[in-house]
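Below, each chain spelled out in residue letters.
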Amino acid sequence: MHILLVGAGLSCAVIGRTLAEAGHRITIMEARDHVAGNCHTVRDADTGVMVHVYGPHIFHTDDEEVWDYVNRYETFLPYKNRVKTTSKGQVFSLPVNLHTINQFYGKTLRPDEARAFIEEQADTSITDPQTFEEQALRFVGPDLYEAFFKGYTIKQWGMSPRDLPASILKRLPVRFNYDDNYFFHRFQGMPENGYTAMVERILDHPAITVHLNTAFTRAQADDYDHVFYSGPLDGFFDYELGRLGYRTLDFERFTYEGDYQGCAVMNYGEEDVPFTRITEHKHFAPWEEHEGSVCYREFSRACGPDDIPYYPIRQVKEKALLAEYEALVEKVGNVTFVGRLGTYRYLDMDVTIREALDVARSFQ
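Presented here is a report on the structure given in the accompanying data block. (Residues numbered from 1 in each chain as written. Predicted model: local features only at pLDDT ≥ 70, side-chain atom pairs only at ≥ 80, totals over all residues. Heavy atoms only, no water.)

In this section: the overall build of the chain. Broken down by element type, the chain carries 11 helices and 17 strands. The C-alpha radius of gyration computed for the chain amounts to 22 Å, which stays within 12% of the reference 21 Å derived for 364 residues, consistent with globular compactness. Sorting the 364 residues of the chain into buried and exposed places 58% on the buried side. Contacts in the chain between residues far apart in sequence, at least 24 positions, make up 72% of those at least 6 positions apart. Within the structure as shown, the chain displays about 16,700 Å² of accessible surface, and the carbon and sulfur contribution to it stands at 47%. Considering the chain, the positive charge centre built from 37 side chains and the negative charge centre built from 55 side chains are found 2 Å apart. (Helix = DSSP H or I, 4+ residues; strand = E, 2+ residues; numbered from the N terminus. Rg over C-alpha atoms; globule rule 2.2 N^0.38 Å. Buried < 20%, exposed > 50% of the residue type's maximum accessible area, 1.4 Å probe, protein only. Contact = heavy atoms within 4.5 Å. Areas by Shrake-Rupley, 256 points an atom, 1.4 Å probe, with all protein chains shown as cover. Lys, Arg positive; Asp, Glu negative; His and termini not counted. Charge placed at Lys NZ, Arg CZ, Asp CG, Glu CD.)

This next bit is on the side chain of Asn 97. Summarising the element assignment, Asn 97 is placed in the loop between strand E8 (90-94) and helix H3 (98-105). In terms of polar contacts, Asn 97 uses its side chain to reach the backbone amide nitrogen of His 99, at 2.9 Å. Those residues in contact with Asn 97 that sit more than four places away from it in its chain are Arg 175, Asn 177, Asp 179 and Asp 180. (Polar contact = N/O pair within 3.5 Å; in protein donor to acceptor, adjacent residues only side chain to side chain.)

The next point concerns helix H2 (residues 64-73). Structural remark: α-helix, 3.6 residues per turn; residues separated by three or four positions point the same way. Along H2, the residues that are buried comprise Val 66, Trp 67, Tyr 69, Val 70 and Tyr 73. The buried residues of H2 occupy an angular sector of 160° when projected down its axis, which confines them to one face. At its buried positions, H2 is contacted by helix H1 (10-21), strand E5 (59-61), strand E6 (76-78), strand E9 (187-191), helix H7 (195-202) and helix H11 (349-363). Where H2 begins, one side-chain oxygen reaches toward the backbone nitrogen of Glu 65, 3.2 Å away; that side chain belongs to Asp 63. (Arc of directions from axis to C-beta.)

Note on backbone geometry: most residues besides glycine have negative phi, and most peptide bonds are trans. In this structure, Pro 95 follows Leu 94 across a cis peptide bond, with omega equal to -5°. Its place among the elements puts Pro 95 in the loop between E8 and H3. The phi angle at Tyr 239 is positive, at roughly 55°, despite the residue not being glycine. Assignment of secondary structure puts Tyr 239 in the loop between helix H8 (233-236) and strand E12 (246-257). Exposure remark for Tyr 239: the relative accessible area of 30% places this residue in the partly exposed category. A positive phi angle, close to 55°, is found at Arg 314, a residue other than glycine. Checked against the element boundaries, Arg 314 lands in the loop between strand E16 (311-312) and helix H9 (316-329).

Glancing now at the packing of aromatic side chains. Going through the model one piece at a time under the given rule, you end up with 32 aromatic pairs. Linked through ring pairs, Trp 157, Phe 251, Tyr 296, Tyr 310, Tyr 311 and Tyr 346 together constitute an aromatic cluster. The ring centre of Tyr 239 lies 3.6 Å from the NZ or CZ of Arg 243, which sits over that ring. Over the ring of Phe 275 we find Arg 297; its NZ or CZ atom is 5.9 Å from the centre of that ring. (Phe/Tyr/Trp six-rings, centres within 6.5 Å; stacked < 30°, edge-to-face > 60°. Lys NZ or Arg CZ within 6 Å of the ring centre and 35° of its normal.)

This paragraph deals with the pattern of salt bridges. Counted by the stated rule, this structure contains 22 salt bridges. The salt bridge partner of Arg 354 is Asp 63, with a shortest N-O separation of 2.8 Å. Note that Arg 354 is positioned in helix H11 and Asp 63 in the loop between E5 and H2, a separation of 291 residues in sequence. In this structure Asp 63 comes out as partly exposed when scored by relative accessible area, which is 22%. Arg 218 is the partner of Glu 240 in a salt bridge, and the nearest nitrogen-oxygen pair spans 3.9 Å. Of this pair, Glu 240 sits in the loop between H8 and E12 while Arg 218 sits in the loop between strand E10 (208-211) and strand E11 (226-229), and the two are 22 residues apart along the sequence. One network of salt bridges, with partners in common, ties together Asp 63, Glu 65, Arg 354, Asp 358 and Arg 361. (Salt bridge = Lys/Arg side-chain N within 4 Å of Asp/Glu carboxyl O.)

So, in structure tokens, the structure goes:
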């Protein structure tokens with residue numbers, strides 16, 4: 001079959017490679033001038049730092065097959081994401097852990113003592129948290145909520161935590177030990193030569209043809225036996241029912257001679273600081289040494305028609321509109337919608353690859 005894939009990010013790269021190896025002919029259309037989607041990396045010409053152009057992407061998974069898959073195309077070196085946050089004139093470690101608690105409250109609590117202490121701070125009258133704010137108040141109390149969660153969340157989502165679902169805080173946001181590894185998965189790392197090099201290798205197959213700077217139109221679907229579409233779901237239908245809501249990011253790039261902040265990610269939890277965090281990209285590759293540094297201040301805002309969509313909002317009105325678009329999807333014959341934009345879900349990279357492998361295998 002001659003198959004068209006719209007987008008050259010992780011979803012379509014993995015699907016394309018799997019189907020090419022199964023004997024199909026693959027054409028990929030990518031509107032941007034590079035592959036790898038939002039995990040695109042490029043080495044800065046002046047400093048030599050590997051820069052995550054659309055914000056940091058840290059690979060973490062418990063899926064051994066996915067871990068083996070990415071290591072087939074790029075060497076992943078060990079990397080632990082240790083996030084810091086500036087609040088009330090001090091620097092704390094995230095996620096909230098025993099060190100954070102002891103430092104914040106000026107105590108030397110042991111794990112059991114800290115657990116009991118935090119339970120005393122918590123609002124135990126909240127028995128069934130429905131909102132982000134209720135979830136936070138129930139589990140960590142007002143002090144830690146105000147310092148680390150409230151302002152950051154308002155900036156990130158552009159709305160009050162009272163209007164966000166409790167599910168955003170999926171796991172208990174506190175650890176009663178000194179583990180400051182942001183993730184808890186078995187496999188964690190960074191690609192030695194960047195994500196773009198990995199995706200380029202995935203796409204390096206004689207049956208795959210990639211066209212960059214090439215926009216897709218719906219009419220083109222009729223020219224192929226099947227289409228895998230990883231662009232915006234509403235965009236496929238020319239936004240005829242309206243636009244699904246997203247948050248986007250603006251990046252303020254700056255360079256520094258030396259080490260600017262001593263860590264890869266520094267959050268700013270207070271609402272009066274306009275950006276959510278600063279990322280210093282040389283720290284994402286601790287096996288390299290660079291004198292110069294490339295940093296980004298991140299600002300979150302509502303996504304406009306010409307912006308890059310990052311985070312699906314998925315509030316009540318968006319879910320209602322999503323259901324209407326999904327009804328249209330049912331009527332489309334030879335198109336499979338995949339990936340973060342095509343399914344209007346926030347997906348980590350490992351889940352994106354897992355779903356792409358599963359979709360391709362069930363198709364072939």
